[in-house]
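Topology and contacts: notes
So you can see what is in the structure, the chains are spelled out below.
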Amino acid sequence: MVKFGVGQAVRRTEDQRLLTGSGRYTDDINLPRQAYAYFLRSPHAHARITKIDLAAAKAASGVLGVFTGADLKAAKIGNMPCLAPVQNRDGSDMPIPPRPAIAQEQVRFVGEMVAMVVAETLAQARDAAELIVADYDPLPAITDLDAALRPGAPQIWNSAKNNLVFDWTLGDEAKTRSAFAKAQRIVAIDLVNNRVIPSSIEPRAAIGDFGAGDRRLTLYVSSQGGHGIRSALANNVFNLPESDIRVVTPDVGGAFGMKIFLYPEYVNVLFAARALGRPVKWIGDRSEAFLADTHGRDHLTHVELALDKDSKFLGIKVSTRANLGAYLSHYGPFIPTFAGAAMHTGVYAIPAAFVEVKGVYTNTSPVDAYRGAGRPEAAYVIERIVDAAARETGLPPDEIRRRNFVPPAAMPYKTALGNVYDTGDFARNLRDSMRAADWAGFPARRAEAERHGKRRGLGLAYYIEICGGSPDEAAQVRFDPSGGVTVMVGTQNNGQGHETAYAQIVAERLGVPFESVRIVQGDTDRIMYGHGTGGSRALAVCGSACLIASDNVIAKAKALAAHMMETAEADIEFKEGRFTVAGTDKSITIVEVAKSSFDVTKRPAGSNAGLDEAADFNPANATFPNGCHIAEVEIDPATGITKIVRYTVADDFGQVVNPLLLAGQVHGGTVQGIGQALYEGCVYDSASGQLVTGSFMDYCLPRADDVPAIAFAYNEIPTTSNQLGVKGSGEAGAIGAPPATINAVIDALAPLGLRHIDMPATPEKVWRTIRTLRQAAE
């Protein structure tokens, strides 16, 4: 076995530079003659721009240029694209209103850009922006998702009547209606999936550059992959061949889906660089991040579950309104529809299902992918309604789930919404998590808490998600003359540990030292192809491409080894980095073969130098990681403070490449899910449209002491969807944690009569709920 190969808990190789201050982020890049951009942003949620006076700003010290939407329009700069439109239930296309990179004539959310100032220093640009006189004619604004669809609500776009983006459906409505007609019991619940702000530790950042000689645009940007951004810039914005644009992404300090997209700031720094002939740098501050980063979630859902006399599930109906903000981000319409809607049946054998989703415009920042991207929303729906059904039927929450699980023998199993689960043993993960959580001992712990005046609850949720599927990814593996291996990948590490995991795969396959493998990413001029990081696809798809490319290298090296050992290729065997002539002790290492391949005297006549092979992998099916989360909480009725005292997870991620990296992903995702459940909530003022939670003074993130040590275990049930057998893991924690945590809160307060509470279950909300329940009982 290769040291540090697949299955071993290797520490992240990138940590040495990142933890010692040697990382290179976008803000660390400074180009000769670099200027700085600052954006004047709208203070209004909805208004007409009646006048912009730039004279004083243009005359200010150090100012190189001041630009508005009119300048971009004159230069024929294209609008920001929506790349994933959906069709309405009647087959008609949804309207896609224009989104210029700088507002023209009208603003539609607080924080939208109305002007860009470029100066020698950031301070000069900021000071000059304060000299811009912008006059607005305020218009009625609407930020409330429910109210936006009502007749008479302020209209955001003329092309979207009643602020409706789309009316989309999935499933068999007639079959589901029939299932409900046969039901012995129907359970219904209304849910809020609260809006959250991604809050990556490194804010967004971009530097635009223009080469006077080659007339190419170069964008240095903190992103989740440069090729998609380059494509949008070339095809939708600048109308240039993709070869005329280079996108470089250095180290990235967190992303969570939010950094996948092309943002207006990126367009503007490139436009300014070309207009001024100088590099232009913009580093977003935290206030800008709150205002103008894409947000996540923000759904209102009504769900109904039909059960027979034995509490077997017959059908499910889901009706969701999804807030998409004032403009359509790259994948905004895709997230509440195709990304997650098909997961509403969860891990249960539900024969009939129907989902309808209405996308809604509001005067808020655009909404797009956030860790899990549609699947956490679906898991929250199904796991909350199943828990509600357990309470109504009187069954324990684990028992009602066992009765309805898709059994392993049914795999591959096609759900009522079209997914095909290839593998899984849901009862096993449930059993393991309950044992680890000491489920049987909970009554005693609850009684002990009550003796101290506390309320203790136990919440269970079983999630499944779809991830690690198409589109394809490519990898290139090549030896250098010294025997080192370079791997070129089109995904982008932003905290997951790609450099370590890919090196493990390649090192084990080639039989070379782990330390000799170097991963290269983040430059569209160096990397031939890639769809970036998102959807927990990196290891399942790009990792498989690395494996196949390594096999291609071995195949090429085998022919050269046969030549060097003067034998037939069919007689050559390869194992643990060494080619051996079968039945003999004659052998040579792949490193020796690689070095010899650069020597024209040692390789076959007419052959090319080096061992350099590429591969592309496009999975035929996605992967379906799944697992059971159990949260145990203790609530202080006097303050409403909810403390998580135990947290247990048992997952199935297929074949595990690196247990240490896997645990890190699960821990991080789980804490983010707990954050949404208990702490985080983006709030806009309903009258003015101002962002109320515009800083960490008002927007609460979970702290280290808010979460206990997470007990994590896993069962390896390999997927059949890729060569590695791995199932995506990057988003799973954020999917299972919200329903488990809320189910625990409800369980703690159920003796007081509580049946539901919406996220986030903040101390104030919990305290007020307890007070209301007690008053009702008097």
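The structure displayed is predicted, hence computed values, not measured ones.

So, helix H11 (residues 375–393)
Counted at 1.5 Å a residue, the expected span for H11 with its 19 residues is 27 Å, and the 27 Å between its end C-alpha atoms agrees. In terms of burial, H11 is a largely internal element, 16 of the 19 residues being buried. Just beyond H11, the residue with positive phi is Gly-394, at close to 85°.

Some remarks on the sheet that holds strand E4 (residues 106–107)
With antiparallel pairing, three strands are arranged side by side in an open sheet as E4-E2-E6. This sheet does not close on itself; its edge strands, each paired only once, are E4 and strand E6 (133–138). Inspection of the sheet shows strand E2 (residues 47–53) paired to E6 by six bridges, in the antiparallel sense. Across the sheet, Ile-49 pairs through a bridge with Tyr-136, a residue of E6.

Remarks on the nonpolar core
By size, the foremost hydrophobic cluster in this structure holds 109 residues, and its most contacted members are Tyr-348, Phe-426 and Tyr-647. Core analysis: the next-biggest nonpolar cluster, separate from the first, contains 48 residues, Ala-503, Ala-507, Ala-594 and Leu-661 among them.

Things to note about helix H16 (residues 538–564)
A rise of 1.5 Å per residue sets the reference length of H16, with its 27 residues, at 39 Å; its end C-alpha atoms lie 37 Å apart and thus fit the reference within 8%. Backbone geometry just after H16 places Glu-566 at a positive phi near 55°.

Thoughts on the environment of Asp-425
By the secondary structure assignment, Asp-425 is in the loop between strand E17 (420–421) and helix H13 (426–436). Separated by 363 residues in the primary sequence, Asp-425 and Gly-62 have C-alpha atoms spaced 65 Å apart. The contacts of Asp-425, once residues within four sequence positions are left out, are Pro-408, Tyr-462 and Ile-717. A polar atom in the side chain of Asp-425 sits 3.3 Å from the backbone nitrogen of Arg-428.

Focus on the packing of H11 against helix H12 (residues 397–404)
Two elements in contact, H11 and H12, have axes whose closest approach is 9 Å; the angle formed by their N-to-C orientations is 110°. It follows that H11 is roughly perpendicular to H12 by the angle criterion. For the element pair H11 and H12, the recorded crossing hand is right-handed. Contact residues: H11 offers Glu-383, Val-386, Asp-387, Ala-389, Ala-390 and Thr-393, while H12 offers Pro-397, Ile-400 and Arg-401. Classifying every residue of the contact of H11 with H12 gives five nonpolar, one polar and three charged.

Calculation criteria
Residues numbered from 1 in each chain as written. Predicted model: local features only at pLDDT ≥ 70, side-chain atom pairs only at ≥ 80, totals over all residues. Heavy atoms only, no water. Helix = DSSP H or I, 4+ residues; strand = E, 2+ residues; numbered from the N terminus. Expected span 1.5 Å × (residues − 1). Buried < 20%, exposed > 50% of the residue type's maximum accessible area, 1.4 Å probe, protein only. Pairing = 2+ DSSP bridges. Core = buried A, V, L, I, M, F, W, Y, C linked by side-chain atoms within 4.5 Å. Contact = heavy atoms within 4.5 Å. Polar contact = N/O pair within 3.5 Å; in protein donor to acceptor, adjacent residues only side chain to side chain. Axes fitted to C-alpha atoms, helices over the stretch in contact; angles between N-to-C directions. Parallel < 35°, antiparallel > 145°, perpendicular 65-115°, else oblique. Left-handed = near helix turned anticlockwise from the far one by under 90°. Nonpolar A, V, L, I, M, F, W, Y, C, P; charged D, E, K, R; others polar.

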